[in-house]
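Letter by letter, the chains look like this.
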Amino acid sequence: MSPQPVNTRHARSVRDVVFVDGVRTPFGKAGEKGMYHGTRADDLVVKCIRELMRRNPSLPPERIDEVAIAATTQTGDQGLTIGRTAALLAGLPQSVPGFAIDRMCAGAMTAVTTTAGSIAFGAYDVVIAGGVEHMGNHPMGAGADPNPRFAAERLVDPAALNMGNTAENLHDRFPAITKERTDSYAVASQAKLAAAYAAGDIQPDLVPVAARRPSEGFTLRTTDEPPRPGTTLESLAGLRTPFRAHGRVTAGNAAGLNDGATAAVLASAQAAEELGLSVKMRLVSYAFAGVDPSVMGIGPVPATEKALAQAGLGIEDIGLFEINEAFAVQVLSFLDHYGIKDTDPRVNRYGGAIAVGHPLASSGVRLMNQLARQFEQDPSVRYGLTTMCIGLGMGGTVIWENPHHADFGKDA
Amino acid sequence: MSSRTIENFASLAALVPDEIITHSLVEDVVLPGGATLALLTLDNGFDHTKPTTLGPNTLLELHAALTAQKERAANGAIAALAVTGKPYFLVAGADLNGVKNLASPEHGAAMATLGHACYDLLADLGVPTFAFINGVALGGGLEIALACSYRTVSTGANGIGLPEAFIGLIPGWGGVYRLPRLTGPEAAMTVMIENPLNNNRSLNGAAAFKLGIADALFEPADFLEQSLLWAGNVLGGAEVPRPNAVEPNGNPGVSARWAAAAAKARAFVEAKTSNAAPAPAKVLEVFEAGASITQKESAALEIAALTEMMQTNAFHNTVYAFLDLVQKRSKRPAGAPDKKLARPVTKVGVVGAGLMAGQLALLFARNLKVPVVITDIDAARVEKGLSYIHSEVDRQLAKGRISPDAANRTKALVTGSVSKQAFADADFVIEAVFEELALKKQVFAEVEAVVSPECILATNTSSLSVTEMGRDLDNPERLVGFHFFNPVAQMPLLEIARTQWTNDTALATAFALGKSLRKTSVLVKDEAAFVVNRILLRLMGEIANAFDDGTEASVADGALRPMGLPMSPFKLLAMVGIPVAHHVSESLHAAFGERFRVSGNQQVLIENGIKSLWAPTGDGGMEIPASTLGLLEFGNTPSTSEELLVRTQDALAQEIGLMLAQGVVAGPEDIDLCMVMGAGWPMHLGGITPYLDQVGASERVNGKKFHQH
């Protein structure tokens, strides 16, 4: 008997992916003086997942198809397949799977793009994607064992494993970016964040965290610890340049070492409609690109080129930029490439990581939370992008469409 | 509280210099509505293995912290205060190790007063107070929460209750007054009387919420965050329903419920303890008085009652039995060899397939999770033994106590054989055949022919000589007594008997096994009937003698009521089984002579198949039927119950004195641990030896007390 001809393959169509909602913990300063000293990284993720479930009561927990959580260092309280452990600790049903993901600073961004790709493919309807980095518990690169071939074969300049060095290298490549410009940019970042806090633009997406430092009592962390509102050019001018004598990169024009977690709900457009979920952004395209690791900060440029090309858009179509501020020089190199002014109001309206902090693998979703809120506030903008540089010489860019725009969904 | 009284309390604190202080750590929290809440965390700086407790130094620090916050409340600096604890504990309760050393009534009263001084601050801080019950909250720990205006509780919290009636105290830091007003008097009686006297049961978070002890229930993952949010809503005017709350003052209906609940609890106490310990009745007394007085008036009664109870033998005996024996000594068995000497046990053999053998096989398979093989002389017996085990596993499965996978695993682990050859690769073989020395010796000879020279051999005999069983073995050094109590799964005691030959490897393996089986193991020397049965039989023998000598049954069987034993001697006889008791008596008589008389009347009962002296009457009472009495012969030298009580006390003191002189156990503490864990004797007797000291029996009989301090 010959088998029946099999023809179960449907014509597969790509599905639209939407950003439903995102939250984050307040970010803390890493180290013994920080507000999360004594708090576990996985607990920070759990707070985010629980808050997402509470904020989206129409989402049945058993409908979540994946929990993808990023962490750069996946040991200790960030180990043991943190996407799965966080899901279990958050009380999601056992039937909900999870995994851990790592692309250094772009961990949460990659958690979003990877699961979004699977949603588009039809593998998932709804996912949770996020990231965490407790840099107090896990200093960057701790426990890593770089292959000696990197140095022996000059594949990567060993100095490039230190991110501060790569930022100094970027200054060398772009002499037009001076320390005065980066300091000015940093002052503006602090001021914009302070203004956003004052306007209540930051707080709605923060999850309060009850935390206890050793030998202290429990308290509730409701705001970011790193910001230094009132920072002036004068106060930055005298700071040490730790990566190079008489260099340009200081603690004032770079993101600090931080603890924090983020998480977002993504869904197919159909699932969002079926379940009555909010649609804060529609995913248009995403791309990652590699560059020379010794100038990793330039990574967002080729990544953005690729993402724009995929979307069939030009840079002039982008009305809002959320660019991660690992270093001011890296932001300015991106802006210079596209001929955008340092003070362009489309860029980082709420300030950036220089002010709020950059807990490595968590930051991608913070950018998305902020872009989503700016979309809501500014329906005149149709497209925005979130982009970040990535250690070991990469960049990642995600382009989003604003559902509040008059033309939303018309010719996408 | 005046500064003068604070000084008095400071002297109190000096009496407990080694107290592990639970600190009061205060942090401000700005709630979403903008109000500032002072959050007080109770934390002793250790992890969960050292529970937080309340000693005098702790209370002084708490008092100072709350006084400072009361001032802030008055200044408008805080809108609320909340109390929570380090992970898994709100507070475990009073520091009993410290409290037991407060020897004088003055110090006891000071400790009781100090607690009220702290809790009064919580009840009257000038702003609403909250307790976030994140974990264990027992006794004074729960009373902290009850003093607050509002409470939340975690679904992850376990160990919530007021166990004072069990410990020998009363919930005298306001609990006895406040709890029934939140939950209603009936539930309060469950929490304050029934649970403590039912093996010191406690509540979990969900149950506490259901009873009305807490106003809101949150999951542990973000319990504190949600509790704070909820507190903010309450401060903002959200309603807090309390469907179970009542106030008896001026409400005849509620007062009637109070009286009815107390009457029911009183009957429960009577049935459970024969009123042998004073604390439960004292709880009821203060509870009932509380129905018609103010909280301040009740506080005075509570302080007086606590002061009185702290002086009682029952309290001190319970602390000894609970802390020193059950919690400490049971974990470090006296005389056990270095645990590193223990050999791994990867397969167990059980000789016999009867009821006891089946229980043992099940216990080994479920706890050790290694293959267990049972043997008997024919296939039918083996089959019967296996089917008993399978039906027990199915019963556990049906009750939801084990998962289907665990049931499959246990069933698959237990196999049967008619050949002892199946023991060839066993590391531990225990016999549970009929209590007859020759038979057991034959069994061990057959087993020894099959197993390795290192395989541990064990006997579950209750009264035969382990030494005699080992006399003809090639390797007698691997033989131990391994005596369980019936029902094996429930009774926590394991008497491990060593002979003159037993080596440290065998003994260490036996103790390791006992621990894996979750039993409390006590090392005993191989003397007839070891500890528990020897003491029980001596006691039952005294009663049986008096009965046989002509003492009326109700007098004989009721004479020991003041001790509050879990069951009367005749009921115990029926439960053990008259033939078994008789058999052990014979062994003891053979070993120790006339101290253990063999009752002719018991022989008659056995011959006539009578299983119990008492039988229910038509009207719900109990009597010894005329048909039974007609079979028995009685003397004409009856005793009064007073005489019989003293005689039994003296007999026990004598027997225990002899056992200690023989070196049966390392000390009187092991006797007490055995009686608490193996016979369920009450902690308010301290097991038995503290009681025998207190009633003078040990001095009368042995010329000295068991405990010198």
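The rules behind the values
- Residues numbered from 1 in each chain as written.
- Chains lettered and ligands numbered in written order.
- Predicted model: local features only at pLDDT ≥ 70, side-chain atom pairs only at ≥ 80, totals over all residues.
- Helix = DSSP H or I, 4+ residues; strand = E, 2+ residues; numbered from the N terminus.
- Rg over C-alpha atoms; globule rule 2.2 N^0.38 Å.
- Buried ≥ 20, exposed ≤ 12 C-beta atoms within 10 Å, placed from the backbone.
- Contact = placed C-beta atoms within 7 Å.
- Pairing = 2+ DSSP bridges.
- Axes fitted to C-alpha atoms, helices over the stretch in contact; angles between N-to-C directions.
- Parallel < 35°, antiparallel > 145°, perpendicular 65-115°, else oblique.
- Left-handed = near helix turned anticlockwise from the far one by under 90°.
- Nonpolar A, V, L, I, M, F, W, Y, C, P; charged D, E, K, R; others polar.

Draft legend 1. A look at the overall build of chain A. Helix and strand counts for chain A stand at 12 helices and 12 strands. Over its C-alpha trace chain A gives a radius of gyration of 21 Å, about what one expects of a compact globule, namely 22 Å for 412 residues. Counting only C-alpha atoms and orienting by the principal axes, one finds that chain A spans roughly 80 × 55 × 50 Å. The buried share of chain A, reckoned over its 412 residues, is 57%. Sequence separation of 24 or more characterises 81% of the internal contacts of chain A that already satisfy a separation of 6 or more.

Draft legend 2. Structural view of the sheet that holds strand E2 (residues 36–43) of chain B. Residue and element names in this part refer to chain B. The mixed open sheet is built from 6 strands, whose spatial order is E1-E2-E3-E5-E7-E10. Of all strands in the sheet, those with a lone pairing partner are strand E1 (23–30) and strand E10 (216–218), marking the two edges. Taking the axes of each pair of neighbouring strands and ignoring which way they run, one obtains an average angle of 20° across the sheet. Summarising the sheet, strand E3 (residues 80–85) and strand E5 (residues 129–133) pair through 3 bridges and their orientation is parallel. Looking at the pairing, Leu 81 lines up with Thr 129 of E5. Most of the contacts of helix H2 (residues 56–74) go to E1, to which it runs at about 25°, and overall it touches E1, E2 and E3.

Draft legend 3. Structural view of the packing of helix H15 (residues 355–368) of chain B against helix H16 (residues 379–398) of chain B. All names here are of chain B. Orientation of H15 relative to H16, taken along the N-to-C sense of each, is 50°, at an axis distance of 9 Å. Accordingly, the angle class assigned to the pair H15 and H16 is oblique. Where H15 crosses over H16, the two elements pack in a sense that is right-handed. Each of Ala 357, Gly 358, Ala 361 and Leu 362 in H15 lies in contact with H16, whose residues at this interface are Gly 385, Tyr 388, Ile 389 and Glu 392. Taken together, the residues of the contact of H15 with H16 sort by class into 5 nonpolar, 2 polar and 1 charged.

Draft legend 4. Broad picture of the sheet that holds strand E6 (residues 136–138) of chain B. All names here are of chain B. Strand order in the open sheet formed by 4 strands is E4-E6-E8-E9, with mixed pairing between adjacent strands. Looking at the sheet topology across the chains shown, the edges are occupied by strand E4 (89–91) and strand E9 (203–204). The pairing of E6 with strand E8 (residues 158–161) spans 2 bridges and is classified as parallel. From the neighbouring strand, Leu 138 faces E8, where its bridge partner is Gly 161.

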